[in-house]
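One letter stands for each residue in the lines below.
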Amino acid sequence: MAARILVVDDEPDIHSVIDKALRGEGHDVLHARDAFEGLDMLAREGADVALLDIMMPGMDGLEMLSLLRQKDRELRVVMMTAMSTPTAVISAMREQACDFLAKPFEVDALVSAVRSALSVPGDISIEVLSARPEWIELRVPCTPDAIDPLERLMSQLKTDLPPETRESVTYAFREMLSNAIEHGGDSDPRRSVEVGYLRSPRLILYRIKDPGEGFSIDALHHAALLNPENDPIMHERVREEMGLRPGGFGILVARELVDEMIYNERHNEVILIKYLDPPREGG
């Protein structure tokens, strides 16, 4: 889908890279060198998606986004920065930025971010219920298009972790969020999944609650979780018989990547815990 994309950045090289990539996708690309010019161009010409750099002289991208939201709550906005911090990410979330690109980014990530932004209607967005670096609560629309942007946003909250820990926690979160959206929310963007993120010096905790009726673990024969030891691909045959796409490894893999996985009684809510500092004897 061809669209009009506004790029607001004070680095000429970034404009060149983005222009080439997005025009190759068939988009019309507008360019502004600072936030003031960007606000003026939006007022005069409008845009379907705006790519805003955070670090700019005069007025930074977060200030621009805040001013923009006073007049337009539905414009899809992707934030870009070479110096991402939890505070910047949370500010962007509060003002309903739909994605976050950490510089230097790959062209594929840029194209994916723009495609995701265009795929979700402007009146459907991630709702921020609470936003502090140590405690974030979100309401996420049940659409697969929300998964990649939310993963990119949340990953910026864990940049201080060792790569292996960051990757394992992010992968486990993605798998369980995907299950919640696809199976609990039937991929219906008018329904939502509640996502909680808690961070302390000793642990990271995710809470994911979907709007579904829940399920019985013992009935998940289409998931690798229940494969007998002598038949590690039994679930694939079950999935084929049920007309489901290949897969079914989500719960099994996620459980191996975190230290604790806890379900509520209905099995429509899960808690993932990853210890950063092993729990000590006695608490």
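Up top is the structure.
Please read these numbers as outputs of a predicted model, since none were measured by experiment.

Asks: Quick question: what am I supposed to make of the packing of aromatic side chains here?
Replies: Between two aromatic rings, the relevant description is the distance of the centres plus the angle of the planes. Evaluation of the coordinates by the stated rule reveals 2 aromatic pairs. Plain terms: the ring middles of Phe173 and Tyr206 are 4.4 Å apart, the flat faces sit at 20° to each other, and that makes the pair stacked. Here Phe173, found in helix α7 (residues 163-184), pairs with Tyr206, found in strand β9 (residues 203-209); they are 33 residues apart in sequence, far enough to count as distant. With relative accessibility at 2%, the residue Tyr206 sits in the buried group.

Asks: Please explain the pattern of salt bridges as it appears in this structure.
Replies: Opposite charge on two side chains allows them to pair when their charged atoms are near. Taken as a whole, this structure holds 20 salt bridges when the rule is applied. Arg4 is the salt-bridge partner of Asp28, the closest N and O atoms lying 3.7 Å from each other. Placement of the pair is Asp28 in strand β2 (residues 28-32) and Arg4 in strand β1 (residues 4-8), with a sequence separation of 24 residues. With relative accessibility at 33%, the residue Asp28 sits in the partly exposed group. With its nearest N and O atoms 3.2 Å apart, the salt bridge here joins Asp186 to Arg191.

Asks: Help me understand helix α4 (residues 86-94), please; the structure alone is not making it clear to me.
Replies: One full turn of an α-helix is made of 3.6 residues, so residues set three or four places apart face in the same direction. By the burial criterion, the buried members of α4 are Ala88, Val89, Ile90, Ala92 and Met93. Downstream of α4 by one or two residues, Gln96 has phi in the positive range, about 60°.

Asks: Is there a simple way to think about the nonpolar core in this case?
Replies: Taken as a class, soluble globular proteins show a tendency for nonpolar side chains to be buried jointly. Met79, Leu138, Met154 and Leu177 are the most contacted members of the largest nonpolar core, which totals 58 residues. The element best represented in this core is α7, accounting for 7 residues. Other than its neighbours up to four places away in sequence, Leu177 contacts Ile147, Leu150, Val193, Val195 and Ile208. By size, the runner-up hydrophobic cluster in this structure holds 19 residues, among which are Leu51, Leu101, Leu110 and Ala113.

Asks: In this structure, what is going on with the side chain of Glu137? I would like to understand it.
Replies: Tracing the sequence through the fold places Glu137 in strand β7 (residues 135-141). Among the residues examined, Glu137 registers a relative accessible area of 16% and is labelled buried. Dropping the residues within four chain positions of it, Glu137 is found in contact with Glu127, Val128, Leu129, Ser130, Val195, Gly196 and Arg207.

Asks: Can you help me understand the sheet that holds β1 in this one?
Replies: The pairing of strands in a sheet happens through backbone hydrogen bonds and is either parallel or antiparallel. The strand order across the open sheet formed by 5 strands is β2-β1-β3-β4-β5, and the pairing between neighbours is parallel. The open sheet terminates on both sides in strands that have one partner only, identified here as β2 and β5 (99-102). When strand polarity is set aside, the average angle formed by the axes of neighbouring strands in this sheet is 20°. Pairing analysis gives 4 bridges linking strand β4 (residues 76-81) to β5, with the strands arranged parallel.

Asks: Hey, could you run me through the sheet that holds β9 in this one?
Replies: On the basis of which strands lie adjacent, the open sheet formed by 6 strands has the order β6-β7-β8-β9-β11-β10 and antiparallel pairing. Looking at the sheet topology across the chains shown, the edges are occupied by β6 (127-132) and β10 (260-263). Across the sheet, the mean angle from the axis of one strand to that of its neighbour is 15°, orientation sign disregarded. Of the strand pairs in this sheet, β10 and strand β11 (residues 269-275) are connected by 4 bridges, and their pairing is antiparallel. Bridge pairing links Glu260 to Ile273 in β11. Lying on the sheet, α4 is in contact with β6 and β7; it crosses β6 at an angle near 155°.

Cut-offs applied
Residues numbered from 1 in each chain as written. Predicted model: local features only at pLDDT ≥ 70, side-chain atom pairs only at ≥ 80, totals over all residues. Heavy atoms only, no water. Phe/Tyr/Trp six-rings, centres within 6.5 Å; stacked < 30°, edge-to-face > 60°. Helix = DSSP H or I, 4+ residues; strand = E, 2+ residues; numbered from the N terminus. Buried < 20%, exposed > 50% of the residue type's maximum accessible area, 1.4 Å probe, protein only. Salt bridge = Lys/Arg side-chain N within 4 Å of Asp/Glu carboxyl O. Core = buried A, V, L, I, M, F, W, Y, C linked by side-chain atoms within 4.5 Å. Contact = heavy atoms within 4.5 Å. Pairing = 2+ DSSP bridges. Axes fitted to C-alpha atoms, helices over the stretch in contact; angles between N-to-C directions.

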